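Residue-level listing of the chains:
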Amino acid sequence: MYEFTYIKPGSLPEASDLLTRHEGAKPLSGGMTLIPTLKQRLSQPSHLVDLTGLAALKGIALVEGRLEIGAATRHVEVATSTVVRESLPALAALAAGIGDPQVRNRGTMGGSVANNDPAADYPSAVLGLAATVHTDRRSIAADDFFQGMFATALEPGELITRISFPLPERAAYAKFPHPASGYAMTGVFIAVTGGVVRVAVTGAGPGVFRWTDAEAALQASFSPAAIAGLEVDATDLNADIHAPAAYRANLVRVMALRALETLQTSSKGQ
Amino acid sequence: MSQVSLTVNGKAVSVDVEDRTLLSSVLRENLGLTGTHIGCDTSQCGACTVHLDGRVVKSCTVLAVQAAGSDVMTIEGLAPSHDPSGATLHPVQQAFSECHALQCGFCTPGMIMAVTGLLKDTPDPDEQQIIHGLEGNLCRCTGYVNIVKAVKQAASALRA
């Protein structure tokens, strides 16, 4: 690791000020991506601004029919929260499958969403549920937030404070995890919210995206048969040593079918 | 440099470290607690697993400064946490020994710390829960068969 200065600010404005004032500063949340990156000397921040002590980023609550989750909420808290398990069980199940126990004890929702790793799990839930990303400056709709590989609508120094999820009638997530890393080779989040079907795909492409053909098919007929014959265009999908693009294209349909299977066996999803 | 105060295995300690120092380095180099192993250095193998405020973490992926004010337990503190006289092994250690849940032993301290964390959350895990609960720990010798057996034995010993 290169040298840096660690600062743990006491308030959100102080954190924001530090990040704006020091051009080379980076926010640190759970550190489950950032610290391994620093250890490999792939990044050289001048300062690390630790957000995990900020009360403004904490908490899980149902507010006016929406589930609000603070950015510094750890995956284990989402996975085990009674509020999340009762109101949005698919999100609790997704969180319980991220990485491994050690990662879930440290990693945070805000950190994962801000990093927007193309194989991360949370972006599929945020996009599939049409959640709203609240920052210290504004509110951003999920459709505008994710902008491709590791890219988001966040401006320099802008911090996610919480994510607000509408409560769906039904939702489920299915992923094919990479057998060693646990990252999604492909993960599909299907949600029906206010009668509208959305299908978000992570892991398969350069960033999370909506599978609009499946959305239209499921909107017309919400059943596995509706998408069983759909083909996914592999042109822009990821290809690497783990799987060629055509394999991931097939996984998109298979994971969507698995998510639908979950919905058929339980009224609210997992 | 920062001064970091924390509690390790029940004792208050204070160390002067660079901000980039990892918790695993403080445990091994400053405090001489070499039971915490460094296996991969890429946050994958789990050999460095310790308990931080009662939760399992990979100490090679936590900065020492992040752990300031926290309570850390390493493999050296596990048996005394169960039997303050230190005369007997922790039931998870005992089960690993009896089930021969190790060959070279390198992953064992991290594996045992991960298992004690798993059994705290899930006192009576089935095989799938054990496999899922140990996804953050790699063993290159055993094929995991005897590790799973040891977890089942330790779970019943701890519930007794």
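Residues numbered from 1 in each chain as written. Chains lettered and ligands numbered in written order. Predicted model: local features only at pLDDT ≥ 70, side-chain atom pairs only at ≥ 80, totals over all residues. Heavy atoms only, no water.

(A) Structural detail: helix H6 (residues 145-159) of chain B. All names here are of chain B. End to end, H6 covers 22 Å across 15 residues, agreeing with the expected 21 Å (1.5 Å per residue, within 8%). What H6 keeps buried is the set Ile147, Val148, Ala150, Val151, Ala154 and Ala155. Along the long axis of H6, the arc covered by the buried residues comes to 155°, so they all point the same way. Those residues of H6 that are buried lie in contact with helix H3 (91-98), helix H4 (108-121) and helix H5 (127-133). (Helix = DSSP H or I, 4+ residues; strand = E, 2+ residues; numbered from the N terminus. Expected span 1.5 Å × (residues − 1). Buried < 20%, exposed > 50% of the residue type's maximum accessible area, 1.4 Å probe, protein only. Arc of directions from axis to C-beta. Contact = heavy atoms within 4.5 Å.)

(B) Region of interest: the domain arrangement of chain B. All names here are of chain B. Segmentation of chain B into domains returns domain 1 (2-77) and domain 2 (79-159). Each side of the interface is counted separately: domain 1 has 19 residues, and domain 2 has 18 residues. Surface buried jointly by domain 1 and domain 2 totals about 1400 Å² across both partners, of which 58% is contributed by carbon and sulfur atoms. When the area that domain 1 buries against domain 2 is broken down by residue, the three leading residues are His37, His51 and Ile75, summing to 33%. Between the two partners, domain 1 and domain 2, sit one salt bridge. Arg55 serves as the salt-bridge partner of Asp121, at 3.1 Å between the closest nitrogen and oxygen. Run the count over domain 1 and domain 2 and you get eight residue pairs in polar contact (both at pLDDT 80 or more). If you list the elements that add at least two residues to the side of domain 1 that touches domain 2, you get strand S3 (49-52), strand S4 (55-58) and helix H2 (75-82). Considering only residue class, the side of domain 1 that touches domain 2 consists of six nonpolar, ten polar and three charged. (Domains from an automatic or database assignment. Buried area = accessible area lost by both parts, 1.4 Å probe. Salt bridge = Lys/Arg side-chain N within 4 Å of Asp/Glu carboxyl O. Polar contact = N/O pair within 3.5 Å; in protein donor to acceptor, adjacent residues only side chain to side chain. Nonpolar A, V, L, I, M, F, W, Y, C, P; charged D, E, K, R; others polar.)

(C) Summary view of the side chain of A:Ser29. Here A:Ser29 lies in the loop between strand S2 (25-28) and helix H2 (34-39). Only 2.7 Å separates the side chain of A:Ser29 from the side chain of A:Thr108, close enough to count as a polar contact. Ignoring sequence-local partners within four residues, the contact set of A:Ser29 consists of A:Thr52, A:Thr108, A:Gly111 and B:Gln66.

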